[in-house]
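Close look at the chain arrangement
Next come the chains, spelled out residue by residue.
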Amino acid sequence: MALIVHKYGGTSVGSPERIKNVAKRVAKARAEGHDIVVVVSAMSGETNRLVALAHEMQEHPDPRELDVVLATGEQVTIGLLAMALKDIGVDAKSYTGWQAALKTNTAHTKARIESIDDQRMRADLDAGKVVIVAGFQGISSEGNISTLGRGGSDTSAVALAAALKADECQIYTDVDGVYTTDPRVVPEARRMDTVTFEEMIELASLGSKVLQIRSVEFAGKYKVRLRVLSSLQDGGNGTLITFEEDENMERAAVTGIAFDKNQARINVRGVPDKPGVAYQILGAVADANIEVDMIIQNVGSEGTTDFSFTVPRGDYRQTIEILTKLQDSIGAAAIDGDDTVCKVSAVGLGMRSHVGVAAKIFRTLAEEGINIQMISTSEIKVSVLIDEKYMELATRVLHKAFDLG
(Lines give C-alpha, C1' and ligand atoms only; values in the text may rest on other atoms or scores of the structure.)
Protein backbone atom coordinates (compact mmCIF):
# COMPACT_ATOMS: atom_id res chain seq x y z
CA MET A 1 0.00 0.00 0.00
CA ALA A 2 1.33 3.41 -1.00
CA LEU A 3 0.50 6.90 0.21
CA ILE A 4 -0.27 9.05 -2.82
CA VAL A 5 -1.14 12.73 -3.02
CA HIS A 6 -3.45 13.71 -5.87
CA LYS A 7 -3.76 17.35 -6.94
CA TYR A 8 -6.56 18.55 -9.20
CA GLY A 9 -6.58 22.01 -10.77
CA GLY A 10 -9.48 24.30 -11.52
CA THR A 11 -10.26 22.79 -14.92
CA SER A 12 -10.34 19.29 -13.44
CA VAL A 13 -12.98 20.35 -10.88
CA GLY A 14 -14.65 22.97 -13.10
CA SER A 15 -18.17 21.52 -12.93
CA PRO A 16 -20.21 19.07 -10.80
CA GLU A 17 -19.71 16.42 -13.49
CA ARG A 18 -15.94 16.83 -13.41
CA ILE A 19 -15.90 16.73 -9.61
CA LYS A 20 -17.80 13.43 -9.81
CA ASN A 21 -15.21 12.14 -12.30
CA VAL A 22 -12.43 13.11 -9.87
CA ALA A 23 -14.29 11.23 -7.14
CA LYS A 24 -14.37 8.10 -9.33
CA ARG A 25 -10.64 8.38 -10.03
CA VAL A 26 -9.88 8.79 -6.32
CA ALA A 27 -12.19 5.90 -5.44
CA LYS A 28 -10.37 3.67 -7.94
CA ALA A 29 -6.99 4.50 -6.39
CA ARG A 30 -8.41 3.88 -2.92
CA ALA A 31 -9.84 0.51 -4.05
CA GLU A 32 -6.33 -0.47 -5.20
CA GLY A 33 -5.29 -0.25 -1.56
CA HIS A 34 -3.59 3.15 -1.53
CA ASP A 35 -3.95 5.85 1.10
CA ILE A 36 -5.03 8.99 -0.74
CA VAL A 37 -4.71 12.67 0.08
CA VAL A 38 -6.40 14.98 -2.43
CA VAL A 39 -5.53 18.64 -2.89
CA VAL A 40 -7.91 20.72 -4.99
CA SER A 41 -8.04 24.20 -6.49
CA ALA A 42 -11.11 26.39 -6.80
CA MET A 43 -13.40 25.64 -9.73
CA SER A 44 -12.09 27.20 -12.95
CA GLY A 45 -12.90 30.90 -13.15
CA GLU A 46 -13.88 31.16 -9.49
CA THR A 47 -10.72 32.88 -8.26
CA ASN A 48 -11.01 35.49 -11.02
CA ARG A 49 -14.64 36.08 -10.04
CA LEU A 50 -13.69 36.58 -6.39
CA VAL A 51 -10.87 38.97 -7.32
CA ALA A 52 -13.30 41.00 -9.42
CA LEU A 53 -15.77 41.18 -6.51
CA ALA A 54 -13.01 42.42 -4.21
CA HIS A 55 -12.06 45.16 -6.68
CA GLU A 56 -15.69 46.31 -6.80
CA MET A 57 -15.43 46.97 -3.06
CA GLN A 58 -11.95 48.53 -2.99
CA GLU A 59 -9.66 49.72 -5.78
CA HIS A 60 -6.66 48.17 -4.05
CA PRO A 61 -8.14 45.41 -1.85
CA ASP A 62 -6.72 45.04 1.63
CA PRO A 63 -4.44 41.96 1.42
CA ARG A 64 -5.72 40.33 4.61
CA GLU A 65 -9.35 40.68 3.61
CA LEU A 66 -8.60 39.63 0.03
CA ASP A 67 -7.16 36.37 1.36
CA VAL A 68 -10.36 35.81 3.37
CA VAL A 69 -12.37 36.18 0.16
CA LEU A 70 -10.08 34.13 -2.10
CA ALA A 71 -9.86 31.17 0.29
CA THR A 72 -13.59 30.50 -0.11
CA GLY A 73 -13.08 29.16 -3.65
CA GLU A 74 -11.19 26.06 -2.54
CA GLN A 75 -13.48 25.62 0.46
CA VAL A 76 -16.41 25.04 -1.89
CA THR A 77 -14.47 22.45 -3.89
CA ILE A 78 -13.30 20.36 -0.94
CA GLY A 79 -16.84 20.13 0.41
CA LEU A 80 -18.31 19.13 -2.93
CA LEU A 81 -15.64 16.50 -3.56
CA ALA A 82 -16.14 15.02 -0.08
CA MET A 83 -19.87 14.76 -0.80
CA ALA A 84 -19.22 13.15 -4.19
CA LEU A 85 -16.97 10.52 -2.59
CA LYS A 86 -19.44 9.77 0.20
CA ASP A 87 -22.17 9.39 -2.41
CA ILE A 88 -20.26 6.49 -4.02
CA GLY A 89 -19.43 4.86 -0.71
CA VAL A 90 -15.95 6.26 -0.01
CA ASP A 91 -15.41 7.79 3.43
CA ALA A 92 -13.80 11.22 3.07
CA LYS A 93 -13.08 14.28 5.15
CA SER A 94 -12.38 17.82 3.96
CA TYR A 95 -9.77 20.15 5.45
CA THR A 96 -9.31 23.87 4.95
CA GLY A 97 -5.72 25.12 5.02
CA TRP A 98 -5.90 26.06 8.66
CA GLN A 99 -7.52 22.75 9.62
CA ALA A 100 -4.60 21.01 7.88
CA ALA A 101 -2.30 23.11 10.08
CA LEU A 102 -0.46 24.46 7.05
CA LYS A 103 1.43 27.35 8.66
CA THR A 104 2.73 30.24 6.56
CA ASN A 105 4.47 33.56 6.98
CA THR A 106 2.48 36.81 7.03
CA ALA A 107 2.92 37.87 3.36
CA HIS A 108 -0.76 37.96 2.42
CA THR A 109 -1.61 36.89 -1.17
CA LYS A 110 1.99 35.65 -1.60
CA ALA A 111 2.54 33.64 1.59
CA ARG A 112 5.22 30.96 1.93
CA ILE A 113 4.79 27.68 3.78
CA GLU A 114 6.78 27.35 7.01
CA SER A 115 5.47 24.11 8.55
CA ILE A 116 2.73 21.48 8.43
CA ASP A 117 1.36 19.46 11.36
CA ASP A 118 0.20 16.20 9.81
CA GLN A 119 -1.12 14.55 13.00
CA ARG A 120 -4.86 14.99 12.32
CA MET A 121 -4.54 13.96 8.68
CA ARG A 122 -2.58 10.83 9.57
CA ALA A 123 -5.26 9.83 12.07
CA ASP A 124 -7.94 10.08 9.38
CA LEU A 125 -5.80 8.17 6.87
CA ASP A 126 -5.27 5.43 9.46
CA ALA A 127 -9.06 5.31 9.91
CA GLY A 128 -9.46 4.59 6.20
CA LYS A 129 -10.63 8.03 5.12
CA VAL A 130 -9.66 9.93 1.99
CA VAL A 131 -8.30 13.30 3.15
CA ILE A 132 -9.24 16.28 0.99
CA VAL A 133 -7.28 19.50 1.52
CA ALA A 134 -7.94 22.97 0.15
CA GLY A 135 -4.95 24.03 -1.92
CA PHE A 136 -3.57 27.56 -2.18
CA GLN A 137 -4.22 28.45 1.45
CA GLY A 138 -2.94 28.19 5.00
CA ILE A 139 -2.87 30.08 8.26
CA SER A 140 -0.28 32.72 9.10
CA SER A 141 1.80 32.96 12.26
CA GLU A 142 -0.63 35.69 13.35
CA GLY A 143 -3.60 33.33 13.01
CA ASN A 144 -5.00 34.84 9.81
CA ILE A 145 -6.11 33.05 6.65
CA SER A 146 -3.32 33.32 4.08
CA THR A 147 -3.02 32.40 0.41
CA LEU A 148 0.06 31.25 -1.50
CA GLY A 149 -0.37 33.18 -4.76
CA ARG A 150 -1.46 31.96 -8.17
CA GLY A 151 -0.67 28.30 -8.73
CA GLY A 152 -0.28 27.78 -4.99
CA SER A 153 -2.32 24.58 -5.00
CA ASP A 154 0.61 22.78 -6.65
CA THR A 155 2.82 24.00 -3.81
CA SER A 156 0.27 22.86 -1.23
CA ALA A 157 0.21 19.38 -2.75
CA VAL A 158 3.99 18.97 -2.86
CA ALA A 159 4.38 20.37 0.66
CA LEU A 160 1.80 17.90 1.99
CA ALA A 161 3.52 15.05 0.12
CA ALA A 162 6.80 16.05 1.76
CA ALA A 163 5.27 16.33 5.24
CA LEU A 164 3.44 13.01 4.92
CA LYS A 165 6.43 11.31 3.23
CA ALA A 166 4.16 10.27 0.37
CA ASP A 167 5.37 7.73 -2.18
CA GLU A 168 4.31 9.98 -5.06
CA CYS A 169 2.66 13.32 -5.73
CA GLN A 170 0.49 13.20 -8.84
CA ILE A 171 -0.48 16.52 -10.40
CA TYR A 172 -3.63 16.10 -12.53
CA THR A 173 -4.21 18.81 -15.13
CA ASP A 174 -5.98 19.30 -18.45
CA VAL A 175 -2.89 18.01 -20.30
CA ASP A 176 -1.37 14.52 -20.16
CA GLY A 177 2.16 15.55 -19.25
CA VAL A 178 4.97 17.99 -19.92
CA TYR A 179 5.47 18.88 -23.58
CA THR A 180 8.43 20.27 -25.49
CA THR A 181 6.36 23.46 -25.77
CA ASP A 182 2.70 24.45 -25.63
CA PRO A 183 0.90 22.22 -28.17
CA ARG A 184 -1.69 24.96 -28.71
CA VAL A 185 1.08 27.08 -30.22
CA VAL A 186 3.08 24.28 -31.85
CA PRO A 187 0.89 21.29 -32.78
CA GLU A 188 4.04 19.21 -33.40
CA ALA A 189 5.08 19.46 -29.73
CA ARG A 190 5.52 16.06 -28.10
CA ARG A 191 5.01 14.79 -24.59
CA MET A 192 8.15 13.85 -22.66
CA ASP A 193 8.13 10.62 -20.63
CA THR A 194 10.63 12.08 -18.17
CA VAL A 195 12.21 15.46 -17.49
CA THR A 196 14.81 16.28 -14.84
CA PHE A 197 13.96 18.48 -11.86
CA GLU A 198 16.61 20.91 -13.00
CA GLU A 199 14.97 21.28 -16.41
CA MET A 200 11.48 21.41 -14.93
CA ILE A 201 12.46 24.20 -12.56
CA GLU A 202 13.71 26.23 -15.51
CA LEU A 203 10.63 25.44 -17.64
CA ALA A 204 8.27 26.34 -14.80
CA SER A 205 10.10 29.57 -14.00
CA LEU A 206 10.19 30.55 -17.67
CA GLY A 207 6.49 30.36 -18.39
CA SER A 208 5.48 26.70 -18.70
CA LYS A 209 2.05 26.57 -17.04
CA VAL A 210 2.05 22.83 -16.32
CA LEU A 211 3.65 23.17 -12.87
CA GLN A 212 4.13 26.14 -10.59
CA ILE A 213 7.80 26.97 -9.95
CA ARG A 214 7.57 26.90 -6.15
CA SER A 215 6.07 23.42 -6.23
CA VAL A 216 8.98 22.10 -8.30
CA GLU A 217 11.51 23.76 -5.99
CA PHE A 218 9.73 22.19 -3.01
CA ALA A 219 9.77 18.77 -4.67
CA GLY A 220 13.47 19.06 -5.42
CA LYS A 221 14.33 20.19 -1.89
CA TYR A 222 12.44 17.35 -0.19
CA LYS A 223 12.95 14.71 -2.92
CA VAL A 224 9.24 14.31 -3.61
CA ARG A 225 8.52 11.99 -6.55
CA LEU A 226 6.40 14.11 -8.89
CA ARG A 227 4.29 13.07 -11.88
CA VAL A 228 2.07 15.10 -14.24
CA LEU A 229 -1.07 13.34 -15.55
CA SER A 230 -4.36 14.19 -17.26
CA SER A 231 -7.59 14.24 -15.28
CA LEU A 232 -9.63 14.32 -18.48
CA GLN A 233 -8.57 10.95 -19.88
CA ASP A 234 -7.86 7.49 -18.50
CA GLY A 235 -4.59 5.62 -18.81
CA GLY A 236 -1.12 6.84 -19.64
CA ASN A 237 1.91 7.38 -17.44
CA GLY A 238 2.15 11.13 -17.94
CA THR A 239 5.53 12.74 -17.34
CA LEU A 240 7.74 11.79 -14.41
CA ILE A 241 9.98 14.52 -13.04
CA THR A 242 13.20 12.72 -12.17
CA PHE A 243 16.18 13.50 -9.95
CA GLU A 244 18.77 11.83 -12.13
CA GLU A 245 19.90 12.15 -15.71
CA ASP A 246 20.00 9.11 -17.96
CA GLU A 247 23.74 8.66 -18.25
CA ASN A 248 23.32 6.08 -20.99
CA MET A 249 21.80 8.49 -23.46
CA GLU A 250 23.32 11.43 -25.29
CA ARG A 251 21.04 14.32 -24.41
CA ALA A 252 19.71 16.73 -27.02
CA ALA A 253 21.02 20.26 -26.63
CA VAL A 254 17.54 21.63 -25.91
CA THR A 255 14.69 19.82 -24.15
CA GLY A 256 11.91 22.37 -24.51
CA ILE A 257 10.89 25.90 -25.47
CA ALA A 258 9.01 27.98 -22.89
CA PHE A 259 7.37 31.37 -23.23
CA ASP A 260 5.92 33.89 -20.81
CA LYS A 261 3.63 36.83 -21.60
CA ASN A 262 3.60 37.91 -17.99
CA GLN A 263 6.54 40.27 -18.48
CA ALA A 264 7.13 44.01 -18.38
CA ARG A 265 10.36 45.91 -18.93
CA ILE A 266 11.42 48.76 -16.66
CA ASN A 267 14.06 51.30 -17.72
CA VAL A 268 15.89 53.60 -15.31
CA ARG A 269 17.90 55.94 -17.51
CA GLY A 270 20.89 58.14 -16.80
CA VAL A 271 21.58 57.30 -13.16
CA PRO A 272 25.03 58.09 -11.73
CA ASP A 273 27.47 55.22 -12.26
CA LYS A 274 28.52 54.67 -8.67
CA PRO A 275 28.50 51.84 -6.10
CA GLY A 276 25.11 51.13 -4.56
CA VAL A 277 22.92 52.44 -7.36
CA ALA A 278 21.64 48.95 -8.23
CA TYR A 279 20.69 48.37 -4.59
CA GLN A 280 18.86 51.70 -4.41
CA ILE A 281 16.75 50.73 -7.41
CA LEU A 282 16.16 47.03 -6.80
CA GLY A 283 15.97 47.33 -3.01
CA ALA A 284 12.93 49.58 -3.27
CA VAL A 285 11.28 47.14 -5.68
CA ALA A 286 12.07 44.15 -3.45
CA ASP A 287 10.63 45.97 -0.42
CA ALA A 288 7.31 46.03 -2.28
CA ASN A 289 7.49 42.23 -2.66
CA ILE A 290 7.91 42.52 -6.44
CA GLU A 291 10.04 39.88 -8.16
CA VAL A 292 12.75 41.01 -10.56
CA ASP A 293 13.87 38.70 -13.37
CA MET A 294 16.15 39.75 -16.24
CA ILE A 295 18.61 42.57 -15.49
CA ILE A 296 20.85 44.60 -17.80
CA GLN A 297 23.12 47.52 -16.90
CA ASN A 298 24.69 49.62 -19.67
CA VAL A 299 27.46 51.95 -18.54
CA GLY A 300 27.75 55.16 -20.57
CA SER A 301 30.72 57.42 -21.21
CA GLU A 302 29.47 60.42 -19.22
CA GLY A 303 29.59 58.85 -15.77
CA THR A 304 26.01 57.58 -15.98
CA THR A 305 24.40 54.22 -16.54
CA ASP A 306 21.10 52.87 -17.86
CA PHE A 307 19.51 50.14 -15.78
CA SER A 308 16.84 47.82 -17.23
CA PHE A 309 15.03 44.87 -15.67
CA THR A 310 11.81 42.90 -15.98
CA VAL A 311 8.97 42.40 -13.50
CA PRO A 312 5.64 40.54 -13.70
CA ARG A 313 3.22 42.49 -15.88
CA GLY A 314 0.74 42.86 -13.03
CA ASP A 315 3.39 44.74 -11.02
CA TYR A 316 4.34 47.10 -13.87
CA ARG A 317 2.36 50.16 -12.77
CA GLN A 318 3.36 49.81 -9.13
CA THR A 319 7.04 49.49 -10.06
CA ILE A 320 6.89 52.62 -12.23
CA GLU A 321 5.21 54.51 -9.36
CA ILE A 322 7.82 53.37 -6.83
CA LEU A 323 10.76 54.39 -9.01
CA THR A 324 9.17 57.69 -10.07
CA LYS A 325 9.01 58.68 -6.40
CA LEU A 326 12.72 57.79 -6.09
CA GLN A 327 13.77 59.49 -9.33
CA ASP A 328 15.24 62.62 -7.73
CA SER A 329 16.98 60.79 -4.88
CA ILE A 330 18.71 58.32 -7.23
CA GLY A 331 19.46 61.02 -9.80
CA ALA A 332 17.74 59.30 -12.73
CA ALA A 333 17.20 61.25 -15.93
CA ALA A 334 14.06 59.25 -16.81
CA ILE A 335 11.88 56.32 -15.74
CA ASP A 336 9.95 54.45 -18.41
CA GLY A 337 9.04 50.95 -19.53
CA ASP A 338 7.08 48.62 -21.78
CA ASP A 339 4.42 46.08 -20.81
CA THR A 340 3.97 44.63 -24.31
CA VAL A 341 6.98 42.31 -24.19
CA CYS A 342 7.39 38.57 -23.62
CA LYS A 343 10.14 36.13 -22.75
CA VAL A 344 10.98 33.08 -24.89
CA SER A 345 13.44 30.52 -23.54
CA ALA A 346 15.27 27.39 -24.63
CA VAL A 347 15.98 24.88 -21.84
CA GLY A 348 18.09 21.72 -21.73
CA LEU A 349 20.77 19.98 -19.70
CA GLY A 350 22.40 19.16 -23.02
CA MET A 351 23.59 22.77 -23.27
CA ARG A 352 26.37 21.79 -20.90
CA SER A 353 28.00 19.68 -23.61
CA HIS A 354 26.75 21.38 -26.78
CA VAL A 355 28.33 24.64 -27.91
CA GLY A 356 26.66 27.24 -30.10
CA VAL A 357 23.14 26.97 -28.67
CA ALA A 358 22.86 30.71 -28.00
CA ALA A 359 24.24 31.56 -31.44
CA LYS A 360 21.68 29.25 -33.06
CA ILE A 361 18.88 30.97 -31.14
CA PHE A 362 20.05 34.44 -32.17
CA ARG A 363 20.48 33.41 -35.82
CA THR A 364 17.05 31.77 -35.96
CA LEU A 365 15.32 34.86 -34.58
CA ALA A 366 17.33 37.21 -36.80
CA GLU A 367 16.25 35.27 -39.89
CA GLU A 368 12.64 36.02 -38.93
CA GLY A 369 13.34 39.72 -38.31
CA ILE A 370 12.73 39.41 -34.55
CA ASN A 371 14.67 41.95 -32.48
CA ILE A 372 16.09 40.84 -29.12
CA GLN A 373 15.74 43.44 -26.34
CA MET A 374 17.36 41.57 -23.43
CA ILE A 375 19.23 38.29 -22.96
CA SER A 376 19.59 36.09 -19.89
CA THR A 377 21.55 32.84 -19.71
CA SER A 378 22.41 30.07 -17.29
CA GLU A 379 24.15 26.73 -17.63
CA ILE A 380 20.97 25.10 -19.00
CA LYS A 381 18.87 27.91 -20.44
CA VAL A 382 18.92 30.91 -22.77
CA SER A 383 16.11 33.47 -22.49
CA VAL A 384 15.38 36.43 -24.75
CA LEU A 385 12.99 39.33 -24.25
CA ILE A 386 11.16 40.25 -27.44
CA ASP A 387 8.07 42.14 -28.59
CA GLU A 388 4.95 40.24 -27.53
CA LYS A 389 3.58 40.12 -31.09
CA TYR A 390 6.43 37.78 -32.10
CA MET A 391 5.95 35.28 -29.25
CA GLU A 392 4.22 32.49 -31.16
CA LEU A 393 6.42 32.88 -34.23
CA ALA A 394 9.60 32.76 -32.11
CA THR A 395 8.36 29.67 -30.27
CA ARG A 396 7.53 27.83 -33.49
CA VAL A 397 10.80 28.58 -35.29
CA LEU A 398 12.96 27.71 -32.26
CA HIS A 399 11.03 24.46 -31.69
CA LYS A 400 11.72 23.54 -35.31
CA ALA A 401 15.34 24.72 -35.23
CA PHE A 402 16.15 22.33 -32.37
CA ASP A 403 14.20 19.38 -33.87
CA LEU A 404 11.82 19.04 -30.91
CA GLY A 405 8.77 17.87 -32.89
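Scroll up to find the structure this text is about.
The paragraphs below set out a description of the structure included in this document. Each chain carries its own residue numbering, running from 1 in the written order of its sequence. Confidence filtering applies because this is a predicted model: local features only for residues at pLDDT of at least 70, side-chain atom pairs given and counted only at 80 or more, and all residues used for totals across whole chains, interfaces and linings. Here the side-chain values reflect all heavy atoms present in the structure, with hydrogen atoms and water set aside.

1. Digging into the environment of R150
Helix and strand definitions here come from DSSP, where helices need a minimum of 4 consecutive H or I residues and strands a minimum of 2 consecutive E residues; each element is numbered from the N-terminal end. Tracing the chain through its elements places R150 in the loop between β8 (145-147) and α6 (152-164). Only protein chains enter the accessibility calculation, which uses a 1.4 Å probe; a residue is then buried when its area is under 20% of its type maximum, exposed when over 50%, and partly exposed in between. Overall, the relative accessible area of 55% leaves R150 in the exposed class. Whether two residues are in contact is decided by their heavy atoms, any of which lying within 4.5 Å being enough. Excluding its chain neighbours within four sequence positions, the residues that come into contact with R150 are T47, N48, V51, F136 and Q212.

2. Re the nonpolar core
A general tendency of soluble globular proteins is for nonpolar side chains to be buried together. Among the nonpolar cores identified, the biggest contains 43 residues, and V133, C169, M200, L211 and L226 are the most heavily contacted of them. It is α6 that contributes the most residues to this core, 7 residues altogether. Setting aside chain neighbours within four positions, we find M200 in contact with V178, V195, S208, L211, V216 and I241. Counting residues in each nonpolar core, the second largest holds 25 residues, with A23, V26, L81 and V130 among its members. To qualify as a nonpolar core, a set must consist of buried Ala, Val, Leu, Ile, Met, Phe, Trp, Tyr and Cys residues joined through side-chain atoms within 4.5 Å.

3. What to know about the pattern of salt bridges
When a carboxyl oxygen of Asp or Glu is within 4 Å of a side-chain nitrogen of Lys or Arg, the pair counts as a salt bridge. The full count for this structure, using the stated rule, is 17 salt bridges. We note a salt bridge from R227 to E168, for which the minimum N-O separation is 3.1 Å. Placement of the pair is R227 in strand β13 (residues 226-230) and E168 in strand β9 (residues 168-173), with a sequence separation of 59 residues. The same class applies to R227 as to E168, namely buried.

4. Regarding the packing of aromatic side chains
When the centres of two rings from Phe, Tyr and Trp lie within 6.5 Å, Trp using its six-membered ring, the rings pair. Their planes under 30 degrees apart give stacked, over 60 give edge-to-face, and anything left gives tilted. One pass over the full model with this rule turns up 3 aromatic pairs. Here K360 stacks its cationic end above the ring of F402, 4.8 Å away from the centre of that ring. Charge-over-ring placement is defined geometrically: NZ (Lys) or CZ (Arg) within 6 Å of the ring centre, and within 35 degrees of the ring normal.

5. A word on the packing of helix α11 (residues 357-367) against helix α12 (residues 391-401)
Orientation is described by axes fitted as lines to C-alpha atoms, over the contacting stretch for helices, and by angles from 0 to 180 degrees between their N-to-C directions. Direction vectors running N to C along α11 and α12 enclose 130 degrees, while the axes themselves pass 10 Å from each other. Between α11 and α12, the crossing angle belongs to the class labelled oblique. Between α11 and α12 the crossing geometry is right-handed. Across from K360, I361, T364 and L365 in α11, the residues of α12 making contact are A394, V397, L398 and A401. Per-class residue counts for the contact of α11 with α12 are 6 nonpolar, 1 polar and 1 charged. These descriptions rest on fixed angle ranges, namely under 35 degrees for roughly parallel, over 145 for roughly antiparallel, 65 to 115 for roughly perpendicular, and the rest for oblique. Should the near helix be turned counterclockwise from the far one by less than a right angle, the crossing is left-handed, whereas a clockwise turn marks it as right-handed. Lys, Arg, Asp and Glu make up the charged group, whereas Ala, Val, Leu, Ile, Met, Phe, Trp, Tyr, Cys and Pro make up the nonpolar group; the residues left over, Gly among them, are polar.

6. Some thoughts on the pairing of strand β2 (residues 35-40)
Burial of β2 is extensive: 6 of the 6 residues sit out of reach of the surface. Here β2 shows a buried face lined by D35, V37 and V39 and a second buried face lined by I36, V38 and V40. The sheet contact formed by strand β1 (residues 3-8) and β2 spans 6 bridges and is parallel. Following the sheet pairing, I4 is matched in β2 by I36. DSSP-based pairing: two strands are paired if at least 2 bridges between them are found. Sheet topology places β2 next to strand β6 (residues 130-134); 4 bridges connect them, and they run parallel. Across the sheet, residue V37 finds its bridge partner in β6, namely V131.

7. Here we look at a nonpolar patch on the surface
Residues enter patches when they are more than 30% accessible in relative terms and free of salt bridges; like-charged ones are connected within 9 Å and nonpolar ones (Val, Leu, Ile, Met, Phe, Trp, Tyr) within 5 Å. In short, Shrake-Rupley with a 1.4 Å probe defines the accessible areas, and a residue's cover is counted only from the protein chains shown. A cluster of nonpolar residues, V68, W98 and I145, forms a patch on the protein surface that exposes about 250 Å² of accessible area. Examined against the element boundaries, V68 turns out to sit in helix α3 (residues 63-70).

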